[in-house]
Amino acid sequence: MHSPSKVNTLIIGAGLTGLSAASVLKHNGVDLLVLEAENRTGGQIDTVKQDGFVFETGPNTGTLSTPEVMELFELLGNGFMPETASADAGVRLIWKGERFNPLPSSLFSAIGTPLFRFRDKLRILSEPFRRRGTNPDESVADLVKRRLGKSFLDYAVDPFIGGIYAGNPNRLVTRYALPKLYHLEQTYGSFIRGAVAKAGQPKSDRDKKATKKVFSVPGGFMELINRMVQYLGEENIRTSMTVTCIESYSGKGGGLLVSFLDSAGHPHQIIATNVISSVPAYRLPGMLPKARPADLRPFENLVYAPIIEVAIGFKKIPPYRYRAFGGLVPSCERRRILGILFPSDCFAGRAPEGGALYTVFMGGIRRPEMLDKTDEEIRDIALSELRAMLGLDGSIEPDLFHIARYTHAIAQYYADNGERLEAVKRIQSAFPGLYIGGSVSDGIGMAHRITQAMNIANQIIQK
């Protein structure tokens, strides 16, 4: 093994978090290197262009919910901007009985919708006067039932949680999984009072960058990954590199000593002042063999929802009943899928002219056994559910059919999440210069990943 080389900041993981942090550091002149275990960059993000269709096999959309998202695009420059979804994306559908119904977007539509019980609609009027919760680990389901009623849980929040986390609202803890909702109640005593108060607060020019609009990237999210790789320079990114150990370096100047293997199994070492980990929780123990076992256990215990993502495309398709962002399926409806997204309704160029692209999601925390099904079984389920729920002609065969499987798709923030956050602090204290990022904490959405990455990068820059 050669003598260790040196770098200011080593980033482990070339997914959205790692590359976003690296881009900010590069912009500020920080010497850096990115190591990626796979033979490609992007992590779970991947865009496929096939036979006139453009589809994602990982995250399909993001939300411009934080200023940092726009600031990343601005940093990359040259007119590179997100593509915001069409007006159709404002329509969100929820399955009930034998059809999709639009999720209410106004007080008037909430009164008329068949999704919620009449008595729960009346409960909305008294929501501002209910007592705030006192259990910091209250589940999403218990919070919603307490403040809004069970039908709002069943036909609004449960499918929403299924769409975002592929999870179970009875197990997800609100202050970790939906912190903004939790803080609305804790700060203002009410969702409604909090929403009104926040809407009336003045916004800075930076705040206005967070438009809350749904976004993608022209040509798909891999274009964002490729733009960051180009910005960083391929010489600063090494793929097929497996990190085996992060430990404190006792030599001159201190720092962290990172050991890793290349694709041929040859060992290498790098001394870094700072190390950013953006890998999934289950990989952390293998990289920190010298950490206290009690501090690693919370990462081993983090539950991930498994997901099957099926892209289905038709080059020609007759008019159908819905134009929307997509449709979600409440768990109480007992169907075999979590929901359907309509990418070609939301973004240009996702299907040939006159055609349509759909993304069907299956599995999740409630149906993990779906991952054990064969490709043929998945095809039968996805097509039969798509045809039945959208009223499509069963004689028309798709021109595109693609299955992607993920055993560790989405981190689930349960009651033990607090223990995990404390473990992050203890490990970072034991290994000065180490920053643990990724979906281990701070949220699972694209905006969460970019915001966390920028915050970590700025901490390093401001040292």
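Here goes a summary of the coordinates provided.

What counts, and where the lines are drawn
Residues numbered from 1 in each chain as written. Predicted model: local features only at pLDDT ≥ 70, side-chain atom pairs only at ≥ 80, totals over all residues. Heavy atoms only, no water. Helix = DSSP H or I, 4+ residues; strand = E, 2+ residues; numbered from the N terminus. Axes fitted to C-alpha atoms, helices over the stretch in contact; angles between N-to-C directions. Parallel < 35°, antiparallel > 145°, perpendicular 65-115°, else oblique. Contact = heavy atoms within 4.5 Å. Phe/Tyr/Trp six-rings, centres within 6.5 Å; stacked < 30°, edge-to-face > 60°. Buried < 20%, exposed > 50% of the residue type's maximum accessible area, 1.4 Å probe, protein only. Lys NZ or Arg CZ within 6 Å of the ring centre and 35° of its normal. Lys, Arg positive; Asp, Glu negative; His and termini not counted. Salt bridge = Lys/Arg side-chain N within 4 Å of Asp/Glu carboxyl O. Polar contact = N/O pair within 3.5 Å; in protein donor to acceptor, adjacent residues only side chain to side chain. Pairing = 2+ DSSP bridges.

On to the environment of Ser395. With respect to the element layout, Ser395 can be found in the loop between helix H14 (375-390) and strand E18 (400-411). Note: C-alpha distance between Ser395 and Gln412 (17 residues apart in sequence) is 39 Å.

For the rest of this paragraph, the subject is the packing of helix H4 (residues 118-126) against helix H6 (residues 150-164). It is the contact of H4 with H6, at a shortest axis distance of 8 Å, that shows an interaxial angle of 100°. With respect to each other, H4 and H6 are oriented roughly perpendicular. Along the contact surface, H4 presents Asp120, Lys121 and Ile124, while H6 presents Lys150, Ser151 and Phe152.

This model, assessed by the stated rule, comprises 9 aromatic pairs. Look at Trp95 and Phe100: their rings are 5.0 Å apart centre to centre, the planes differ by 85°, and that puts the pair in the edge-to-face class. Residue classification places Phe100 among the buried residues on the basis of a relative accessible area of 1%. Put simply, the rings of Phe73, Phe80, Phe215 and Phe221 touch in pairs and so form one group of aromatic residues. In this structure, Arg92 packs its charged tip against the face of Phe325, placed 4.1 Å from the ring centre. Positioned above the aromatic ring of Tyr155, the side-chain terminus of Lys96 is 4.7 Å from the ring centre.

The next thing to look at is the environment of Ala156. Along the chain, the position of Ala156 falls in helix H6. Distance in space between the C-alpha atoms of Ala156 and Val144 is 9.8 Å, their sequence separation being 12 residues. Contact partners of Ala156, with chain neighbours within four places excluded, come to Leu103, Phe116 and Ser151.

Its place among the elements puts Glu56 in strand E4 (residues 53-56). Although buried, Glu56 forms no salt bridge, and the nearest oppositely charged side chain, Arg350, lies 4.1 Å from it. A distance of 2.7 Å separates polar atoms of two side chains, one belonging to Glu56 and the other to Thr47. Of note is the side chain of Glu56, whose polar atom sits 2.8 Å from the backbone nitrogen of Phe221. With residues near it in sequence (within four places) discarded, Glu56 still touches Asp46, Thr47, Ser216, Gly220, Phe221, Glu309 and Arg350.

What follows concerns the pairing of strand E13 (residues 267-277). Strand residues, when the strand is regular, have side chains that alternate between the two faces of the sheet. The element E13 is extensively covered by neighbouring structure, given that 8 of its 11 residues are classed as buried. In this structure, strand E1 (residues 5-12) lies alongside E13, joined through 7 bridges in parallel fashion. Following the sheet pairing, Thr9 is matched in E13 by Asn274. Bridge analysis of strand E12 (residues 256-261) against E13 gives 6 bridges, and the strand direction is antiparallel. Counterpart to Phe260 in the pairing with E13 is His268. The hairpin turn running from E12 into E13, its antiparallel successor, is 5 residues long, and Gly265 in that turn takes a positive phi close to 85°.

Right, let's talk about the sheet that holds strand E14 (residues 304-314) for a bit. Strand order in the open sheet formed by 7 strands is E8-E7-E15-E16-E17-E14-E18, with mixed pairing between adjacent strands. Sheet topology places strand E8 (99-102) and E18 at the edges, where each strand pairs with a single neighbour. Strand-to-strand twist across the sheet, computed as the mean angle between neighbouring axes with direction ignored, equals 25°. Pairing of strand E15 (residues 326-328) with strand E16 (residues 339-341) involves 3 bridges; the strand directions are antiparallel. Among the inter-strand pairings, Leu328 is bridged to a residue of E16, identified as Gly339. The sheet contacts of H6 involve strand E7 (92-96), E15 and E18, and relative to E7 the element is tilted by about 115°. Seen against the sheet, H14 touches E7, E8, E14, E16, strand E17 (356-363) and E18 and runs at an angle of roughly 100° to E18.

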